[in-house]
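# Descriptive structure summary
Letter by letter, the chains look like this.
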Amino acid sequence: SPGARSHCFDMIKKALAMILCGLIMYPAWAQEILGPSYPITEPDMLEAIQHKLKSMKKNGRLGQLQREAIERSKQSIERPDPVKGIVKTRQPRTFYFDPSWRVPRDITTPEGKVIARAGDMVNPLDYVPLSNHLIFFDQSDPKQVKKAAEIIKRFNGAVKPILVAGEPLALTRQWKRQVYFDQSGHLVMRFGIKQVPALVSQEVVQRRLRIDEMKAE
């Protein structure tokens, strides 16, 4: 009925009025309940860092940390972490490594000429032969060091000595030739080498690498 409809509208108007009043009065009663607000006074991060560095420099701590960092870097270069999982040869063995790989997608020159098509088998030794033998050994074993020196002499220096443990820079200075280090064991893992000393050589006819894990007598 018209009377009931009018009464309903009046109730809605009162409810809206109460909500509006609450929104208008919110800051006042919110402050009473939650307490007063304050501006953010946190220190600037860069200023805090600068202050800390100045303090450490003043008491000598900064210089000490710098010296320690330099010494750690020097030690990591002079004596890298040994390659894990490599042992002294117990049972000599000879095996082969085929570096061929299947091309995942067409390889083209900037001009659009196709060098290799997807699915082709490519052997890197066809383009870049292994010009030097590779000898992997552990410098902490004097017999392995002697064996590596003998192999270098046998092939008239056409050998790259690669350590799996030891001090490459010290041995470089001693031998007066570059001695490398297999950082993180990437090469021995790639070739499947488990024992040292190990000699890697190229077999030209078969287009593969021969790997000899030998005893150091």
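Predicted, not measured: the structure shown is a model, and the values here were computed from it.

All right, on to the pattern of salt bridges then. Inspection of the entire model under this criterion finds 5 salt bridges. Residue Glu 213 pairs with Arg 93 through a salt bridge whose shortest N-O separation is 2.7 Å. One end of the pair, Glu 213, is in strand β12 (residues 208-213); the other, Arg 93, is in strand β2 (residues 93-97), and 120 residues separate them in sequence. According to the relative accessible area criterion, Glu 213 is buried, its value standing at 2%. Note that Arg 210 and Asp 212 form a salt bridge whose closest N and O atoms lie 2.9 Å from each other.

Our next topic: the confidence of the model for the protein. For the protein, mean pLDDT is 81; residues scoring 70 or higher make up 73% of the total. Taking the mean pLDDT of every element in the protein, the minimum, 51, falls on helix α1 (residues 2-34) and the maximum, 98, on strand β7 (residues 133-138). Across residues 23-34, confidence stays below pLDDT 50; counting only partners more than four residues off in sequence or on other chains, it has 3 contacts.

What follows is about unusual backbone geometry. Here the amide bond leading from Val 196 into Pro 197 is cis, since omega sits at 10°, within 30 degrees of zero. Here Pro 197 shows up in the loop between β10 (195-196) and β11 (198-203). If you check the backbone angles, Lys 176 has positive phi at about 60° while not being a glycine. When you line up the elements, Lys 176 lands in the loop between α5 (168-175) and β9 (180-181). Residue class for Lys 176 comes out exposed when judged on its relative accessible area of 74%.

Reading guide: rules and limits
- Residues numbered from 1 in each chain as written.
- Predicted model: local features only at pLDDT ≥ 70, side-chain atom pairs only at ≥ 80, totals over all residues.
- Heavy atoms only, no water.
- Salt bridge = Lys/Arg side-chain N within 4 Å of Asp/Glu carboxyl O.
- Helix = DSSP H or I, 4+ residues; strand = E, 2+ residues; numbered from the N terminus.
- Buried < 20%, exposed > 50% of the residue type's maximum accessible area, 1.4 Å probe, protein only.
- pLDDT = per-residue confidence, 0-100.
- Contact = heavy atoms within 4.5 Å.

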